[in-house]
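Structural overview for review
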Amino acid sequence: MKTRLVTLLILLWILFVSSCDIPRDPYFDVATSAANSAPTLDPYPVSNSETSEIPATPSATPTRQAEACPGLPALHGVNLGNALDAPWPGAWGVTMTEAMIQSIADAGFNATRLPVRFSAYTGAAPDYALSESILATVDQIILWGLDAGLIILLDVHHFNSLMQSPTTEEARFLAIWEQLASRYQSLPATVYFELLNEPHGEMDAETWNRLVAQSMTLIRQTNPTRTIVIGGVDYSRIEALEFLVWPDDPHLAAAFHYYEPFEFTHQGASWLAGSSNWLGTSWTGTPDEAAAIQQAFDRAVDWSNAHQIPLILGEFGAIGNAESTSRQTWTGAIARTAERRGIGWFYWDLCSEFGLYNCEKGKWDKDLLDVLLP
Ligand code: BGC
């Protein structure tokens, strides 16, 4: 209690003295600024020979259950997407407020993932000092989240230059984590760290495993027991879990992302060339469609049980362009499939193209919310 109060005072002080200069990401491609710059994911094939229950309908008995979830509560979260993962705060039209965070808790979520493009706010080598301005903004959102009783997953997002050139950028990555770990070391255990969103590009498994080991050693110096979340390469797809070399550490969780069928979840995505051809794709939860999800998640669970590492579904979501019944059916199917296997989830996202909340009007998409949190 006392530690919490001291932390709160320190963070408030930092907020008070911080300045407002927000440097632009030198690696950001302005041409994509109107849209979200997520690269195209290759939809990966899942075999669908088996058919079983349609996952939108909750069933009493799990097909398979993750056995290893030490200390991880049943996470029902939402991503604060397009806010601090944008090239600069507000660039993608989402600015977090205390009321928005409180609405998330009031709606029944118990967690939120905070993606931040920290690489856009670093100073010169070798310190790569993070700007006080972005740190103060992050402090504020974390505090709002903690006050609302939410678990917070803080994530290093859209580090594009690291994906393009890991060797020249790894020092910046490690410096970012050294600073975050030191700054947030006295925060409650309900703040988790996620090393890097969707490693991809030149960040192959070997390079990523080396960086995971280095950053873990560094973070553990100040945060010996904090939950650290790690996703695999290839945009954290399920298959990539198998390439991760896990540090021997009892406070880890593995993240994967799930957006399949990609043509359904990303139909008409403004940043994906050709995705307008996918408009009108529906998802009704046919036996084959249901089986594809179940098989993918069972594969993740098998991996989790074999390695005794709990799983987190860090992102899943369907774009608002999708017809609403399909969107609800798919979203419910994924959430239930995860829950039945003991996997905590974070919907992508609050109020962007995939959102379920109108941030300007302060209104939920009730149908989608009810599907997520029945
Ligand atoms: C990206 C977002 C994107 C979402 C869905 C996330 O990992 O960071 O920018 O909108 O995936 O593609």
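Residues numbered from 1 in each chain as written. Predicted model: local features only at pLDDT ≥ 70, side-chain atom pairs only at ≥ 80, totals over all residues. Heavy atoms only, no water.

Let us look at the state of the cysteines. Tallied over the entire structure, the rule returns 1 disulfide. Put simply, Cys 351 and Cys 359 are joined by a disulfide, and their sulfur atoms are 2.0 Å apart. Classification of the bridge connecting Cys 351 and Cys 359 rests on its S-S torsion, roughly -85 degrees, and on that basis the disulfide is left-handed. (Disulfide = S-S within 2.5 Å.)

Once that is clear, we can look at the pattern of salt bridges. Throughout the structure, instances matching the rule amount to 13 salt bridges. Between Arg 172 and Glu 169 there is a salt bridge, with its nearest N and O atoms 2.6 Å apart. With Arg 172 and Glu 169 both in helix H5 (residues 166–183) and 3 residues apart, this pair spans about one turn of that helix. Of the two residues, Arg 172 and Glu 169, both sit in the buried class. Salt-bridge contacts for Glu 339 lead to Arg 336; the nearest nitrogen and oxygen are separated by 2.8 Å. (Salt bridge = Lys/Arg side-chain N within 4 Å of Asp/Glu carboxyl O. Helix = DSSP H or I, 4+ residues; strand = E, 2+ residues; numbered from the N terminus. Buried < 20%, exposed > 50% of the residue type's maximum accessible area, 1.4 Å probe, protein only.)

Glancing now at the pairing of strand E6 (residues 252–258). For E6, a buried count of 7 out of 7 residues is recorded, marking the element as mostly surrounded by other parts of the structure. Residues Leu 252, Ala 254, Phe 256 and Tyr 258 of E6 are buried on one face, and the alternating residues Ala 253, Ala 255 and His 257, pointing to the opposite face, are buried as well. The pairing of strand E5 (residues 228–231) with E6 spans 4 bridges and is classified as parallel. Bridge pairing in E6 links Ile 230 to Ala 254. Taken together, the 5 bridges between E6 and strand E7 (residues 311–316) define a ladder with parallel strand orientation. (Pairing = 2+ DSSP bridges.)

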